[in-house]
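Geometric and topological summary
Listed here are the chains, written in short residue letters.
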Amino acid sequence: MRQPTGCGGSDAPPCSSHFACGDGGEGAGGQGGVPGPAPIKLLTWNIERGYQLEAIIEELLRLDADVISLQEIDMHCERSNWEDTGRAIARRLGLNYVFLCEFEELYSPLRQPSAQGGGVHGNAVLSKFDITSVEAVPHVVGAPEALPDPRK
């Protein structure tokens, strides 16, 4: 079983390399490659830092999506019991995943434990299919008319 790690095989926090790539455990990626002609079940969910992680996992198991996009993933924050919520979900569902750090969630002595950071926060994609290439596309600031004309 290949263990999920930071890209490049390190266990460094993903914000240092931007991604954490890997599989969720035994059986992940069993379908592999590009899906065939069957429809793909896609799900997206803002899991609110994984506060109710067990209930989230149970619902995701019930829904049995092929590809899952999750927002507000916590990694090693006090408020989520220092859990790596994306890795926990990927392991329980047996899915491949990629995590992109959105920002470092700083620890603050002014916060209550239920709102405390101390880790990183971001988004994840989990998939029954192999994840072979990952690229972060930066957002462009401004209205659509401010975007460069691709014809020029």
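Residues numbered from 1 in each chain as written. Predicted model: local features only at pLDDT ≥ 70, side-chain atom pairs only at ≥ 80, totals over all residues. Heavy atoms only, no water.

**A short note on helix α1 (residues 53–63)**
Considered for burial, the residues of α1 that qualify are Leu53, Ile56, Ile57 and Leu60. Each buried residue of α1 lies within a common arc of 95 degrees when the element is viewed along its axis, so the set occupies one face. Residues of α1 that are buried in the fold lie against β3 (42–46), β4 (67–75) and α2 (85–93). Remark: Asp64 follows α1 within two positions and exhibits a positive phi of approximately 50 degrees. (Buried < 20%, exposed > 50% of the residue type's maximum accessible area, 1.4 Å probe, protein only. Helix = DSSP H or I, 4+ residues; strand = E, 2+ residues; numbered from the N terminus. Arc of directions from axis to C-beta. Contact = heavy atoms within 4.5 Å.)

**Side note on the confidence of the model for the protein chain**
Taken over all residues, the pLDDT of the protein chain has a mean of 78, while the share at 70 or more is 71%. Least confident of the elements in the protein chain is strand β1 (residues 5–6), whose mean pLDDT is 34; most confident is α1, at 96. Confidence drops under pLDDT 50 across residues 1–20; counting only partners more than four residues distant or on other chains, this segment forms 45 contacts. Counting contacts from residues 25–30, a segment whose pLDDT is below 50, to residues more than four positions away or on other chains yields 13 contacts. (pLDDT = per-residue confidence, 0-100.)

**Notes on the packing of α1 against α2**
α2 packs onto α1 with a crossing angle of 40 degrees between their chain directions and a minimal axis gap of 10 Å. In terms of orientation, α1 lies oblique with respect to α2. Like other packed secondary-structure pairs, α1 and α2 cross with a definite hand, here right-handed. In this structure, α1 contributes Leu53, Glu54, Ile56, Ile57, Glu58, Leu60 and Leu61 to the contact, and α2 contributes Thr85, Ala88, Ile89, Arg92 and Leu93. Across the contact of α1 with α2, the residue classes break down as eight nonpolar, one polar and three charged. (Axes fitted to C-alpha atoms, helices over the stretch in contact; angles between N-to-C directions. Parallel < 35°, antiparallel > 145°, perpendicular 65-115°, else oblique. Left-handed = near helix turned anticlockwise from the far one by under 90°. Nonpolar A, V, L, I, M, F, W, Y, C, P; charged D, E, K, R; others polar.)

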